[in-house]
Amino acid sequence: GESVGLHLPTLSVQEGDNSIINCAYSNSASDYFIWYKQESGKGPQFIIDIRSNMDKRQGQRVTVLLNKTVKHLSLQIAATQPGDSAVYFCAETRETSGSRLTFGEGTQLTVNP
Amino acid sequence: SAVISQKPSRDICQRGTSLTIQCQVDSQVTMMFWYRQQPGQSLTLIATANQGSEATYESGFVIDKFPISRPNLTFSTLTVSNMSPEDSSIYLCSVEGIAGETQYFGPGTRLLVL
């Protein structure tokens, strides 16, 4: 069946380093992807999105890369800070899905001071 | 993005009882959704809350267990009926942004069923 999954369930980095969180998806019809950050006790917070007609998009300290050939998505966080510690989810949708999102499993990012 | 609130923020309930969760948005939105997040897991879509008509449920979720109301474009409720410990989860509502597709989430309702 369709799935959106993550390669690593946990990631630990040193403060100031760059973080890379990966996500694989299986549906080649997926055309819109979102990264969310969920801090403990809170709802998911939108970070950045990308459409399938793009392969890279940058925000403030974050970059999303999309490789449609291998159905792979990554989130890069530059100069990781302790406040970046959270669970990160990728999610996908497509035009025919009525805006319904399919979420990946999540990666717990821990930033060590 | 819209400001989304949920009530209650958390609750502890006895098995066999029902709990109604409210989701309020500070602006009119077309699409509202309800998700479940079991402990330590990802989000699973329960249903799309349709204004003026019955909700659209995902596979594995039924109206008798999770009745949903959507009386207007700013409010929705999800009821978790006849609860069991397996219903212990975070329940989240989300809305679609003005530009479409991007969804924004409420803070969630943390439910523990004993």
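Residues numbered from 1 in each chain as written. Chains lettered and ligands numbered in written order. Predicted model: local features only at pLDDT ≥ 70, side-chain atom pairs only at ≥ 80, totals over all residues. Heavy atoms only, no water.

S.K.: Would you mind going over the overall build of chain A in detail, with residue names and values included?
M.R.: The helix and strand inventory of chain A stands at zero helices and 11 strands. Counting helices and strands in the order they occur from the N terminus, chain A gives β-β-β-β-β-β-β-β-β-β-β. For chain A, whose C-alpha radius of gyration is 13 Å, the value lies close to the compact-globule estimate of 13 Å for 113 residues. In chain A, once contacts between residues fewer than 6 apart in sequence are set aside, the share between residues at least 24 apart is 53%. Total accessible area on chain A stands at roughly 5,500 Å², and carbon and sulfur atoms take up 45% of it. Once the 10 positive and 11 negative side-chain charges of chain A are each reduced to a mean point, those two points are 4 Å apart. (Helix = DSSP H or I, 4+ residues; strand = E, 2+ residues; numbered from the N terminus. Rg over C-alpha atoms; globule rule 2.2 N^0.38 Å. Contact = heavy atoms within 4.5 Å. Areas by Shrake-Rupley, 256 points an atom, 1.4 Å probe, with all protein chains shown as cover. Lys, Arg positive; Asp, Glu negative; His and termini not counted. Charge placed at Lys NZ, Arg CZ, Asp CG, Glu CD.)

S.K.: Would you mind going over unusual backbone geometry in detail, with residue names and values included?
M.R.: In this structure, the amide linkage connecting B:Lys7 to the following residue, B:Pro8, adopts the cis form with an omega of -10°. Within the secondary structure, B:Pro8 sits in the loop between β1 (4-7) and β2 (10-13). Positive phi values are uncommon outside glycine, yet A:Arg61 reaches one of about 65°. For A:Arg61, the location among the structural elements is in the loop between β6 (56-58) and β7 (62-67).

S.K.: Before we move on, could you go through the confidence of the model for chain A and cite the residues and values that matter?
M.R.: Residues shown with low pLDDT carry predicted positions that ought not to be read at fine detail. Model confidence for chain A is summarised by a mean pLDDT of 91, while 93% of its residues fall at 70 or above. Ranking the elements of chain A by mean pLDDT puts strand β1 (residues 4-5) of chain A last with 54 and β7(A) first with 98. (pLDDT = per-residue confidence, 0-100.)

S.K.: Could you give me a rundown of the sheet that holds strand β8 (residues 75-80) of chain B, with the residues and numbers involved?
M.R.: Residue and element names in this part refer to chain B. Taken together, four strands build an open sheet; the order of strands is β1-β3-β8-β7 and the sheet is antiparallel. Two strands lie at the open edges of the sheet, namely β1 and β7 (68-72), each paired on one side alone. Strand-to-strand twist across the sheet, computed as the mean angle between neighbouring axes with direction ignored, equals 15°. With three bridges joining them, β7 and β8 adopt antiparallel strand pairing. Bridging from a neighbouring strand, serine 69 pairs with threonine 77 of β8. (Pairing = 2+ DSSP bridges. Axes fitted to C-alpha atoms, helices over the stretch in contact; angles between N-to-C directions.)

S.K.: How would you summarise the pattern of salt bridges if you had to cite specific residues and measurements?
M.R.: Residue and element names in this part refer to chain A. Here the structure, examined in full by the defined rule, presents six salt bridges over all chains. With its nearest N and O atoms 3.7 Å apart, the salt bridge here joins glutamate 39 to lysine 42. Here lysine 42 falls in the partly exposed class, since its relative accessible area comes to 45%. Residue arginine 57 is joined to aspartate 49 by a salt bridge in which the shortest nitrogen-to-oxygen separation is 2.2 Å. Residue class for arginine 57 comes out partly exposed when judged on its relative accessible area of 35%. (Salt bridge = Lys/Arg side-chain N within 4 Å of Asp/Glu carboxyl O. Buried < 20%, exposed > 50% of the residue type's maximum accessible area, 1.4 Å probe, protein only.)

S.K.: So what's going on with the packing of aromatic side chains? Residues and values would help.
M.R.: Scanning all chains against the criterion turns up 10 aromatic pairs over all chains. When the ring of B:Phe66 is compared with that of B:Tyr91, the centres are 6.4 Å apart and the planes differ by 45°; the resulting orientation is tilted. With B:Phe66 in the loop between β6 (56-57) and β7 and B:Tyr91 in strand β9 (residues 89-96), this residue pair connects regions lying 25 residues apart in the sequence. For the pair shown, B:Phe66 and B:Tyr91 are each scored as buried. Through a chain of ring-to-ring contacts, three or more aromatic side chains come together here, namely A:Tyr36, A:Phe89, A:Phe103, B:Tyr35 and B:Phe105. (Phe/Tyr/Trp six-rings, centres within 6.5 Å; stacked < 30°, edge-to-face > 60°.)

S.K.: Now, about the pairing of β8(B): what can you tell me, with residues and values included?
M.R.: All names here are of chain B. Most of β8 sits out of view: six of its six residues are buried. Going residue by residue along β8, you find Phe75, Thr77 and Thr79 tucked away on one face and Ser76, Leu78 and Val80 tucked away on the opposite face as well. Alignment of strand β3 (residues 19-25) against β8, held across six bridges, turns out to be antiparallel. Following the sheet pairing, leucine 19 is matched in β8 by valine 80. If you look at the hairpin formed by β7 and β8, you'll find two residues sitting between the two strands.

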